[in-house]
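Structure at a glance
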Amino acid sequence: MMYALREERGQMAVELAALMPVILVSLVILWNLARYVSACVLFDRVAPDAVLAEAAAAGAEDGSVGAVSAAEASMRKAFEDADDIEISVEAEAAESAPLALLGEPRLMRFRCTLSYHPWPRHFAVAGIDSEAHFALVHVREVVADAGQAGRTV
């Protein structure tokens, strides 16, 4: 009987040692997912406001570089403390149906992209340095009338 008890000693420590890497990797994945979702929520709130303000202010016609760079800079201010996030904005003229009562709107389609690079980006295993070469991407498109402040379509 005494011999049977000695065989099971340390089994819990071995099981914990086997499960600890799985638990740590799961926590890192969960933490990255929470940061990504948080960044997407903030981006979805900031992107339309920045685009509408800057498109109207610059009178964005034909993908005005000024409106695009101003909207991008405005969005970056919301994420200035996050070094794992990249923001880009592109603009193009949107097709518009003729509206007789309102005049011809100058519609611009702004494509705002948020790229999140998960942590850890750089890591070393057994002395070999590696880098994660992928990003989670979230896209928000906003169509705005460049001639009128705050008017979305």
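Residues numbered from 1 in each chain as written. Predicted model: local features only at pLDDT ≥ 70, side-chain atom pairs only at ≥ 80, totals over all residues. Heavy atoms only, no water.

1. Brief notes about the overall build of the chain
Helix and strand counts for the chain stand at three helices and five strands. In sequence order, the secondary structure elements of the chain are arranged as α-α-α-β-β-β-β-β. Considering the chain as a whole, with its 153 residues, one finds that 30% of them fall into the buried category. In the chain, once contacts between residues fewer than 6 apart in sequence are set aside, the share between residues at least 24 apart is 64%. Total accessible area on the chain is roughly 10400 Å²; 60% of this is exposed by carbon and sulfur atoms. (Helix = DSSP H or I, 4+ residues; strand = E, 2+ residues; numbered from the N terminus. Buried < 20%, exposed > 50% of the residue type's maximum accessible area, 1.4 Å probe, protein only. Contact = heavy atoms within 4.5 Å. Areas by Shrake-Rupley, 256 points an atom, 1.4 Å probe, with all protein chains shown as cover.)

2. Overview of the sheet that holds strand E1 (residues 85-93)
One open sheet holds the three strands; their spatial order is E1-E2-E5, and the pairing between them is antiparallel. Looking at which strands have only one partner, the edges of the open sheet turn out to be E1 and strand E5 (136-145). Across the sheet, the mean angle separating the axes of adjacent strands is 20 degrees when strand polarity is ignored. By the bridge criterion, nine bridges tie E1 to strand E2 (residues 107-116) in an arrangement that is antiparallel. (Pairing = 2+ DSSP bridges. Axes fitted to C-alpha atoms, helices over the stretch in contact; angles between N-to-C directions.)

3. Concerning the packing of aromatic side chains
Overall, the coordinates contain three aromatic pairs when judged by the stated rule. Pairing Tyr 36 with Tyr 116 gives two aromatic rings, centres 6.1 Å apart and planes at 45 degrees, and the pair type is tilted. With Tyr 36 in helix H2 (residues 11-58) and Tyr 116 in strand E2, this pair connects stretches of sequence that are 80 residues apart. For Tyr 36, a relative accessible area of 15% puts it in the buried group. The exposure class assigned to Tyr 116 is buried, which follows from its relative accessible area of 0%. (Phe/Tyr/Trp six-rings, centres within 6.5 Å; stacked < 30°, edge-to-face > 60°.)

4. Considerations on the pattern of salt bridges
For the structure on display, the rule yields six salt bridges. The residue Arg 121 makes a salt bridge to Glu 86 at a minimum N-O spacing of 3.9 Å. Separated by 35 residues along the polypeptide, Arg 121 in the loop between E2 and strand E3 (122-125) and Glu 86 in strand E1 bring together distant segments of the chain. Taking relative accessible area as the criterion, Glu 86 reaches 42% and is therefore assigned partly exposed. One continuous salt-bridge network, built from bridges that share partners, spans Arg 109, Arg 111 and Glu 141. (Salt bridge = Lys/Arg side-chain N within 4 Å of Asp/Glu carboxyl O.)

5. Focus: helix H3 (residues 65-78)
In this model, H3 (14 residues) spans 21 Å end to end at C-alpha, consistent with the 20 Å of a helix rising 1.5 Å per residue. Of the positions making up H3, those classed as buried are Ala 67, Val 68, Ala 71, Glu 72 and Met 75. In a view along the axis of H3, the buried residues occupy a sector of 125 degrees, so they form one face of it. When the buried face of H3 is taken as reference, the exposed residues oriented beyond 90 degrees from it are Val 65 and Lys 77. (Expected span 1.5 Å × (residues − 1). Arc of directions from axis to C-beta.)

6. Points about unusual backbone geometry
Across the junction of Trp 119 and Pro 120, the peptide omega takes the value -5 degrees, indicating a cis bond. For Pro 120, the location among the structural elements is in the loop between E2 and E3. Even without glycine at this site, Ala 126 takes up a positive phi of about 55 degrees. Tracing the sequence through the fold places Ala 126 in the loop between E3 and strand E4 (128-131). Ala 126 sits in the exposed class, given a relative accessible area of 78%.

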